[in-house]
Structure formats: C-alpha cells, structure tokens
Amino acid sequence: MTLHTADAAPVADASRPVAETRVSPPRARRRRHRVQGSWWIPWAFLMPALLLFLVFRYIPMIQAVSMSVENVRPYLGNEFVGMQNYQTILSSADFRDAAINTVVLAIGQTAGCLLLGFVLALLLEGQTRKLSFIRSAAFLPVVVPMAVVAELWRIMYYPAADGFLNSILVVFGLGPSEFINSPDTAMGSIMLMGIWRGAPYDMMIILAGLAGIDRGLYEAATVDGANRWQRIVHVTLPGLRPVFTILFILAAVRGFRVFTEVFLMTNGGPNGATEVIMTLLYKLGLEQGKLGVGSAGAVLLFLATLILTLVVQILTRRKKDA
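Since we're looking at a predicted model, the values are computed, not measured.

### Focus on helix H11 (residues 228–239)
And then number 1: Helix length check: H11 (12 residues) gives 15 Å between terminal C-alpha atoms against 16 Å at 1.5 Å per residue, within 8%.
And then number 2: Among all positions of H11, only Arg-231, Ile-232, Val-235 and Thr-236 are buried. Viewed along the axis of H11, the buried residues span an arc of 125°, placing them on a single side of the element. Residues Trp-229 and His-234 are exposed on H11 and point more than 90 degrees away from its buried face.
And then number 3: Buried positions along H11 lie against helix H5 (93–123), helix H9 (186–211) and helix H10 (215–223).
And then number 4: Where H11 begins, one side-chain oxygen reaches toward the backbone nitrogen of Trp-229, 3.4 Å away; that side chain belongs to Asn-227.

Structure (structure tokens):
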C-alpha cells in the first residue's frame, strides 16, 4: 500500500536534524546586536573632546618641552642651546623668590581650604531642605568666574578708611589696612580670597565622604562614652582619609598653578611680594620675549607637580598596605 504525498511530508520533516530546524533570530535583533557590539561608537563620542585636548593641551606641552632647550627666535629660526635655559631659570633670584611665594601660597590655601571645608561640612551635614539651600548658597563662590571674584575682592580691599573691609575693621578698633597694596599683607590677602573660594568645593566633597561613613561606628562610640570631639577624631577623620588625600592633591596642584587672582589683583606686586611662578613665566615669555626660558620654567613646574602627586600616592598606598 502506497502513502500519499500529503502524508509523506511530515515523516520527512521529523527525520531532519534538530540543528536544521532551529529558528534564526529576527533581523532587527541581529542588527541591534551588531550596532551595540561596534567598538568605534564610544570613540566617536569621545573624539571631539580628544581632539580639543590634543590641539590645546598635548601639542602645546610637547612644543613647550621642545622650546625649553632652544633659543626661540620668531621668524628667524630657533637655535638649540641644550640645558642653558634651565640653568638661567634656576640661577635667577626672581625665580627662587617666586617659587617660595608659590609654595607659601599653596600651603596656606590648601590648609585653609581643607580646614574651613571640613568645618562647613560638619555644620551643614544633614538632609533637611534648609541645609540644602544653605549648602547651595555656600557653593556659589566656586561657580563664579575667578576674574569676577578677583575684581570683587580687589574692590573690598580698597585701602582707604572708607573701604568695605576697612570700615568693618575700624568698628573693632583695628584701624585701616592697605591689604594688597602693602608687601606685608598682600600675600595674606590673596590667600584669604583663595580660601574663601576654594573651601566650598572641599566642603561638598567632604560631605560626600561623610555620607559614606558607617553610622554604626558613631553609635558604638556613643555607647562607649565618646563625646562629639572624640567621635570626630576617632571615627570621622579616619573615615575621611581617602577624601583628604584627593583634596590635598587637587588643592596642591591648584595652588602651584595659581595665576588669575594674582595677575588681576597685584600682578606680582607690590615689590614682588606676591610674584608666583605662573606670573613670572607669563612676564618672561609674553612680555620680555624669553620664550625658551619661560618654557623651561613651565617644564620645571610640571615636574614638581608630578613628583608631588606621585609622592602623595606612594605614601597613601604604603599606609593602606600597613
């Protein structure tokens, strides 16, 4: 007895291997998987920023290193002079004085910003709406351009008795001060302005660090009879050690690269009392035309910042390992 054609078809299909009957994924799903797996998509989004960094940062850095060993002569061709520019900048008394002023300003602003930022973070820690508003108001100096801040403080530092800050000092019987017009008070005045602007930035990062500390440690310390000061010393400060390390590096780098506030308020004066490395390099390169010497100073400043960062990271890792 013979089978009909309609009855034979199911028998042939059942005899096929399982691999041949597997259903392929839809075309839209295959296309989406192929697009998501493309390696060039993240680089396409990063390319504009990378090009800007290349043109305005990395290429000028390479050119600065090249110019530091040359006698730069625009339109005449540069001459290779080796380490002569470095010898000139290192033997300069103005560079040594500017380096000392830079270190003093960096240390003062770093310590002041960390201390004031820590105090503000302890005072403004919480989740209430009023504290959120106060934190936002305290953070405003950070978002204001430095040029505006420098001009504002220059007006407040008006040396006459009817100046803004001098009128407050007169009330307390401290008498008028010359502030940025006196070699004795100019550096402290710039340092005070830098602390006022930088402390809110440190405050916000410290607040984030405080939120990551285990609250059970505070409760355990309270049960053991620790007062508020002891809880800060034995719980808060150890918990914020990684945060302080990051803030120290950022503040130190910011202090070594200080330029705008000094340039706008005193331009290195009076009598070089506030001359820092960046303002000195600006004068050497753009005002006096000594581009090679100025580039050598910029390379030395970069190396000093790099060494400081590496030293802090090495010390931090050793403490963690210990």
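### Observations concerning the nonpolar core
And then number 1: Within the largest apolar cluster, 20 residues are counted, with the highest numbers of intra-cluster contacts made by Phe-118, Ala-121, Ile-206, Leu-210, Ile-213, Leu-240 and Phe-244.
And then number 2: Breaking this core down by element, the ones donating at least two residues are H5, H9, H10, H11 and helix H12 (241–256).
And then number 3: When sequence neighbours within four positions are dropped, the list of residues in contact with Phe-118 reads Ile-206, Ile-232, Thr-236, Leu-237, Leu-240 and Phe-244.
And then number 4: With 14 residues, the next largest nonpolar core counts Tyr-86, Ile-277, Val-293 and Ala-296 among its residues.

### Focus: the packing of helix H7 (residues 146–156) against H9
And then number 1: At a minimum axis distance of 11 Å, the contact between H7 and H9 shows a crossing angle of 135°. Classified by the angle between their axes, H7 and H9 sit oblique to one another. As for how H7 packs across H9, the hand of that crossing is right-handed. Only Leu-192, Met-193, Trp-196 and Arg-197 of H9 make contact with H7, whose side of the interface consists of Met-146, Val-149, Ala-150 and Trp-153.
And then number 2: For the contact of H7 with H9, the class distribution of residues is seven nonpolar, no polar and one charged.

### Brief notes about the packing of helix H6 (residues 129–143) against H9
And then number 1: Running from N to C, H6 and H9 cross one another at 130°; their axes reach a closest spacing of 7 Å. In terms of axis orientation, H6 runs oblique to H9. The way H6 lies across H9 gives a crossing that is left-handed. For the pair formed by H6 and H9, the contact residues are Arg-135, Ala-138, Phe-139, Pro-141 and Val-142 on the first element and Trp-196, Arg-197, Pro-200, Tyr-201, Met-203, Met-204 and Leu-207 on the second.

### Things to note about the packing of aromatic side chains
Working definition: an aromatic ring pair is given by the centre-to-centre distance plus the angle between the planes.
And then number 1: One pass over the full model with this rule turns up eight aromatic pairs.
And then number 2: Between Phe-259 and Phe-263 the ring centres are 5.2 Å apart and the planes differ by 15°, which places this aromatic pair in the stacked class.
And then number 3: The class of Phe-263 is partly exposed, set by a relative accessible area of 28%.
And then number 4: Look at Phe-259 and Tyr-282: their rings are 5.7 Å apart centre to centre, the planes differ by 55°, and that puts the pair in the tilted class. Of this pair, Phe-259 sits in the loop between H12 and helix H13 (260–265) while Tyr-282 sits in helix H14 (residues 277–287); the two residues are 23 residues apart in sequence, bridging distant segments of the chain.

### What to know about the pattern of salt bridges
And then number 1: Considering all chains together, one arrives at four salt bridges under this definition.
And then number 2: A salt bridge links Arg-73 to Glu-79, with the shortest nitrogen-to-oxygen separation between them at 3.3 Å.
And then number 3: Residue classification places Arg-73 among the partly exposed positions, given a relative accessible area of 30%.
And then number 4: According to the relative accessible area criterion, Glu-79 is partly exposed, its value standing at 37%.
And then number 5: Here Glu-275 makes a salt bridge to Lys-283, at a shortest N to O gap of 2.9 Å. With respect to class, Glu-275 is no different from Lys-283; both count as buried.

### Comments concerning H6
And then number 1: With 15 residues, H6 extends 21 Å from end C-alpha to end C-alpha; this agrees with the ideal 21 Å at 1.5 Å per step.
And then number 2: Against the buried residues of H6 lie H5, H7 and H9.

### Examining the environment of Ser-68
And then number 1: Relative to the helices and strands, Ser-68 is located in the loop between helix H3 (40–67) and strand S1 (70–71).
And then number 2: Residue Ser-68 is classed as buried on the basis of its relative accessible area, which comes to 0%.
And then number 3: A polar atom in the side chain of Ser-68 sits 2.8 Å from the side chain of Tyr-86.

### Concerning unusual backbone geometry
And then number 1: Cis geometry marks the peptide bond from Gly-269 to Pro-270, where omega comes out at -5°.
And then number 2: Among the secondary structure elements, Pro-270 is positioned in the loop between H13 and H14.
And then number 3: Positive phi, normally seen in glycine, also occurs at Phe-179, with a value near 55°.
And then number 4: By the secondary structure assignment, Phe-179 is in the loop between helix H8 (164–171) and H9.
And then number 5: Unusually for a residue other than glycine, Asn-271 sits at a positive phi of about 55°.
And then number 6: Secondary-structure assignment places Asn-271 in the loop between H13 and H14.

About the thresholds
Residues numbered from 1 in each chain as written. Predicted model: local features only at pLDDT ≥ 70, side-chain atom pairs only at ≥ 80, totals over all residues. Heavy atoms only, no water. Helix = DSSP H or I, 4+ residues; strand = E, 2+ residues; numbered from the N terminus. Expected span 1.5 Å × (residues − 1). Buried < 20%, exposed > 50% of the residue type's maximum accessible area, 1.4 Å probe, protein only. Arc of directions from axis to C-beta. Contact = heavy atoms within 4.5 Å. Polar contact = N/O pair within 3.5 Å; in protein donor to acceptor, adjacent residues only side chain to side chain. Core = buried A, V, L, I, M, F, W, Y, C linked by side-chain atoms within 4.5 Å. Axes fitted to C-alpha atoms, helices over the stretch in contact; angles between N-to-C directions. Parallel < 35°, antiparallel > 145°, perpendicular 65-115°, else oblique. Left-handed = near helix turned anticlockwise from the far one by under 90°. Nonpolar A, V, L, I, M, F, W, Y, C, P; charged D, E, K, R; others polar. Phe/Tyr/Trp six-rings, centres within 6.5 Å; stacked < 30°, edge-to-face > 60°. Salt bridge = Lys/Arg side-chain N within 4 Å of Asp/Glu carboxyl O.

Such coordinate-based values are descriptive only and should not be taken to indicate function.
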